[in-house]
Each structure stands twice: as structure tokens, then as C-alpha cells.
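# Reading the structure
What follows is the residue order along each chain.
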Amino acid sequence: MIHGCSLCHIVTSLIILHVSWATKTGEDKQTTTEGQKPVECGSWTKHSNGGIFTSPNYPNKYPPDRECIYIIEAAPRQCIELHFDEKYSIEPSWECKFDHIEVRDGPFGFSPIIGRYCGHQSPPFIKSSGRFLWIKFFADGELESLGFSAQYNFTPGE
């Protein structure tokens, strides 16, 4: 039988294991078709001044068969504002079943979903309710497109 504190340790370990798996599998490095610098696919980001992240190969077409997890972490008592560049194109499909970007309000793939986006119109302005955003970029094996560039910054929490 598992008691209170032991159960907390087990749950915490599973959460940490899930997060480290998401960042390790997402930190797949690849070489661009021109043989230039490696391209990162996914990251855990906590730069204090905000930053930018992109789909692999952006502004050129992203490669097929990719799943990149980006986790953005703000300081305590801050929220995250996320803006996608107007130069945006993810393979369009009904309900974004194929290539897509999924944004969740928290640090995990099971955090509450904010939205799932694809097509040629940039996602709307996104603001987290807390200090984490979880973003997944998924590309299937067919029909690559331009991809995205996203900028994030931090604001005081409410």
C-alpha cells in the first residue's frame, strides 16, 4: 500500500520523467538540405527576456515526419505572451488532423489545450494563465510547407 508522501514522490517522478522524455525526443538535431548549421527541433526555454523559436528549416519548408516539443517557462508570477509571425504556413486540413501546432496552457502534453492550428493564417495572440506554455509542432510524412516563426515575451501575472 502506498501512503501520502510516497505517492507524491511517485507522481513527481513520473511528471519529471515525462518532461525529460519530451525534451530529449524533441531536441532532435538535423542538418539543412544545404548542409549548413544544425536545426533544433524542440527545446525547454527559460530566457528571461523572451525569444523566438521556429519550425525546422524555417523560412524554408519544414521536413516530413517531425514532432517538436517546445516548453516555455517564465519566472514565478509571470505569464507568457506568444505571437506567430505573419509569414506562416502549416499544411491545411480539416480539424488540423495532419500537420499542426498545438498549444497547451501548462508544462505538459496533458495541460489544458488553448488551440490546435494549421493552414495559412497565423494563430491568434496567445497568453498563458501561468508560467508555462507547451507547444507541439507535428508534421506527417506528406505535404511540407513553410512552417512558422513565433516570438514570446513575459508579462506580470494577474
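Per an unreviewed UniProt entry, the protein chain is named CUB domain-containing protein, and its organism is Hymenochirus boettgeri.

## Looking at the state of the cysteines
Taken as a whole and judged by the stated rule, the model has two disulfides. The side chain of C41 participates in a disulfide bridge whose partner is C68; the two sulfur atoms lie 1.8 Å from each other. Of note, the bridge from C41 to C68 carries an S-S torsion of about -95 degrees and is left-handed in sense. Placement of the pair is C41 in strand β2 (residues 38-41) and C68 in strand β5 (residues 66-73), with a sequence separation of 27 residues. Residue C68 is classed as buried on the basis of its relative accessible area of 0%. With its sulfur 2.2 Å from that of its partner, C96 forms a disulfide with C118. Between C96 and C118, the S-S dihedral sits near -80 degrees, and the bridge is therefore left-handed. Pair noted here: C96 is in the loop between β6 (78-84) and β7 (100-104) and C118 is in the loop between β8 (113-117) and β9 (126-127), with a separation of 22 residues, a long-range link. In this pair, the class of C96 matches that of C118, namely buried.

## Focus on the sheet that holds strand β3 (residues 43-45)
The five strands are arranged β3-β5-β10-β7-β8 in an open sheet whose pairing can be described as mixed. Each edge of the open sheet carries a strand with a single partner, namely β3 and β8. On average, adjacent strands in this sheet sit at an angle of 10 degrees to one another, irrespective of strand direction. Pairing analysis gives five bridges linking β7 to strand β10 (residues 132-139), with the strands arranged antiparallel. Directly across from V103, in β10, lies its bridge partner I135.

Rules behind the numbers
Residues numbered from 1 in each chain as written. Predicted model: local features only at pLDDT ≥ 70, side-chain atom pairs only at ≥ 80, totals over all residues. Heavy atoms only, no water. Disulfide = S-S within 2.5 Å. Helix = DSSP H or I, 4+ residues; strand = E, 2+ residues; numbered from the N terminus. Buried < 20%, exposed > 50% of the residue type's maximum accessible area, 1.4 Å probe, protein only. Pairing = 2+ DSSP bridges. Axes fitted to C-alpha atoms, helices over the stretch in contact; angles between N-to-C directions.

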